[in-house]
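Read off the chains here:
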Amino acid sequence: MNKRLFNITNLFFSFLILSVLVTTTAAQSVTPRIVIHGGAGTIRKEQMTPDREKQYREKLTEALMAGYNIVKQGGTSLDAVIASVRIMEDSPLFNAGKGAVFTNEGTNELDAAIMDGASLKAGAVAVLKRIKNPIDLARLVMEKSPHVMMIGEGAEAFAKQQGVEFVDPSYFRTEERWQQLQRAKERDQRQGALPDKRGTVGAVALDRNGNLAAATSSGGMTNKKFGRVGDVPIIGAGTYANNNTCGVSATGAGEYFIRSVVAHDISAMMEYKGLPLKQAAELVIEKVGKLGGDGGVIALDRNGNIAMPFNTSGMYRAYIDEKGNAVVLIYKDE
């Protein structure tokens, strides 16, 4: 090989190595972020005891850091949102998993969903009665089945095949939720009131590879009837993630979020109209309000921007800011 050809060959391989290094560095340069929520609704400071508020702030912090530590250390956004949601599912403070509200029949019916922004794959489950952590089963539906949604007994049969942890239905019973049901039934008899005490938990994360993921879990509505299912397991309504735009997890009056296709609408406004995340999220929650619905969303875009609009008096929410600090908020004026 002559000297000139040797130099050209060396130059080519040097350029190739440099390109790989630059590409790898760029891929690792994404700052990991995470945002979570524990439900929106009538949450007022004057109605909250200091001890109760402390419990919520501590549990939200625990859930937030569980997910953040995963993406901070190079883990995936999918693992992060699962970790955060599982902690809230295991807490009686939130209407998901252990803290699920009761149906009119005195049972607990759980819903959950997860979506991968990189592949647009999704998994959802509904009307579960014996699965300790519904979000785990939602992920298995996404990764271990050709389907997007499974419900009821069929979903639990699939869970058995996958070795998911089952619990006796009594595991979900808490006295506070039981009393909520009794009060709701009394109001129902007096006023013909609709079911109440909506609530959800959710998380959206961005990992170092620039991948977004969203996960949501819910116990539905107190005193709900007729096998009602809300927006949580409806991909595009209560849960959505797309690396090209954003990840979204919603909480609130599910029927309105389904009709407004809230989570996907935020993504669509960003993709088709070029709106920034905050403006898109606020416009969509405004549309929900005009229909008569209440609630909110947490959203995170591919650049790490966060939006948390809601039209209720409060929303349990927490996020990691640009400096890596945990921020926990409850009330509207925070």
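None of the values given here were measured: they were computed from a predicted structure. (Residues numbered from 1 in each chain as written. Predicted model: local features only at pLDDT ≥ 70, side-chain atom pairs only at ≥ 80, totals over all residues. Heavy atoms only, no water.)

Trainee: Run through the overall build of the protein chain, naming residues and quoting values.
Mentor: The secondary structure content of the protein chain amounts to 9 helices and 12 strands. Out of the 334 residues in the protein chain, the part that is buried amounts to 53%. Contacts in the protein chain between residues far apart in sequence, at least 24 positions, make up 68% of those at least 6 positions apart. On the protein chain, roughly 15300 Å² of surface is accessible, and the fraction owed to carbon and sulfur atoms is 53%. (Helix = DSSP H or I, 4+ residues; strand = E, 2+ residues; numbered from the N terminus. Buried < 20%, exposed > 50% of the residue type's maximum accessible area, 1.4 Å probe, protein only. Contact = heavy atoms within 4.5 Å. Areas by Shrake-Rupley, 256 points an atom, 1.4 Å probe, with all protein chains shown as cover.)

Trainee: Describe the packing of helix α2 (residues 50-72) against helix α3 (residues 77-89), listing the residues and the values that go with them.
Mentor: Taken N-terminus to C-terminus, the directions of α2 and α3 make an angle of 160 degrees; their axes are 8 Å apart at the nearest point. Classed by the angle they form, the pair α2 and α3 counts as roughly antiparallel. Between α2 and α3 the crossing geometry is right-handed. Contacts from Lys59, Leu60, Glu62, Ala63, Leu64, Ala66, Gly67, Ile70 and Val71 of α2 reach α3 at Ser77, Asp79, Ala80, Ala83, Ser84, Ile87 and Met88. (Axes fitted to C-alpha atoms, helices over the stretch in contact; angles between N-to-C directions. Parallel < 35°, antiparallel > 145°, perpendicular 65-115°, else oblique. Left-handed = near helix turned anticlockwise from the far one by under 90°.)

Trainee: Tell me about the sheet that holds strand β9 (residues 295-301), and please be specific about residues and values.
Mentor: Note on sheets: strands pair through backbone hydrogen bonds, and any given pair is parallel or antiparallel. On the basis of which strands lie adjacent, the open sheet formed by 4 strands has the order β7-β8-β9-β10 and antiparallel pairing. Single-partner strands in this sheet number two, and they are β7 (239-241) and β10 (306-307). Summarising the sheet, β9 and β10 pair through 2 bridges and their orientation is antiparallel. Looking at the pairing, Ala299 lines up with Ala307 of β10. The strands that helix α9 (residues 277-291) touches are β8 (246-252), β9 and β10; relative to β9, the one it contacts most, it runs at about 160 degrees. (Pairing = 2+ DSSP bridges.)

Trainee: Lay out the nonpolar core in plain terms, naming residues and giving numbers.
Mentor: Ile34, Ile36, Leu60, Ile114, Ile135 and Leu137 are the most contacted members of the largest nonpolar core, which totals 51 residues. Tyr240, Cys246, Ala307 and Met315 belong to the second-largest nonpolar core, a separate cluster that totals 37 residues. (Core = buried A, V, L, I, M, F, W, Y, C linked by side-chain atoms within 4.5 Å.)

Trainee: Quick rundown of the environment of Gly274? Include the residues and the values.
Mentor: Within the element layout of this structure, Gly274 appears in the loop between α8 (262-273) and α9. Distance in space between the C-alpha atoms of Gly274 and Thr245 is 9.6 Å, their sequence separation being 29 residues.

Trainee: Which residues make up the packing of aromatic side chains, and what values go with them?
Mentor: All chains considered together, the criterion is met by 5 aromatic pairs. Summarising the aromatic geometry, the rings of Phe94 and Tyr316 are spaced 6.3 Å apart at their centres and angled 85 degrees between planes, so their arrangement reads as edge-to-face. Of this pair, Phe94 sits in the loop between α3 and β2 (110-116) while Tyr316 sits in strand β11 (residues 314-320), and the two are 222 residues apart along the sequence. Judged by relative accessible area, Phe94 falls into the buried class, the value being 0%. Look at Tyr316 and you get buried, because its relative accessible area is 9%. (Phe/Tyr/Trp six-rings, centres within 6.5 Å; stacked < 30°, edge-to-face > 60°.)

Trainee: An account of the sheet that holds strand β12 (residues 326-331) is requested, with residue identities and associated values reported.
Mentor: The strand order across the open sheet built from 8 strands is β4-β3-β2-β6-β5-β1-β11-β12, with neighbouring strands paired in mixed fashion. Two strands in the sheet have a free side with no partner beyond their single neighbour: β4 (149-151) and β12. In this sheet, adjacent strand axes meet at a mean angle of 10 degrees when their direction is disregarded. Across 6 bridges, the pairing between strand β5 (residues 201-206) and strand β6 (residues 212-218) is antiparallel. Considered in β6, the bridge of Ala205 is made with Ala213. Sitting on the sheet, α3 touches β1 (33-41), β2, β5 and β6, and the angle it makes with β5 is about 160 degrees. Along the sheet face, helix α4 (residues 134-144) touches β2, β3 (122-128), β4 and β6 and points at about 135 degrees away from the line of β3.

Trainee: Could you give an account of the pairing of β8, with specific residues and numbers?
Mentor: Burial of β8 is extensive: 7 of the 7 residues sit out of reach of the surface. Along β8, one buried face is formed by Cys246, Val248, Ala250 and Gly252 and the opposite face, lined by Gly247, Ser249 and Thr251, is buried too. One ladder, built from 3 bridges, connects β7 with β8; its direction is antiparallel. Each bridged residue has a counterpart across the sheet, and for Tyr240 the counterpart in β8 is Val248.

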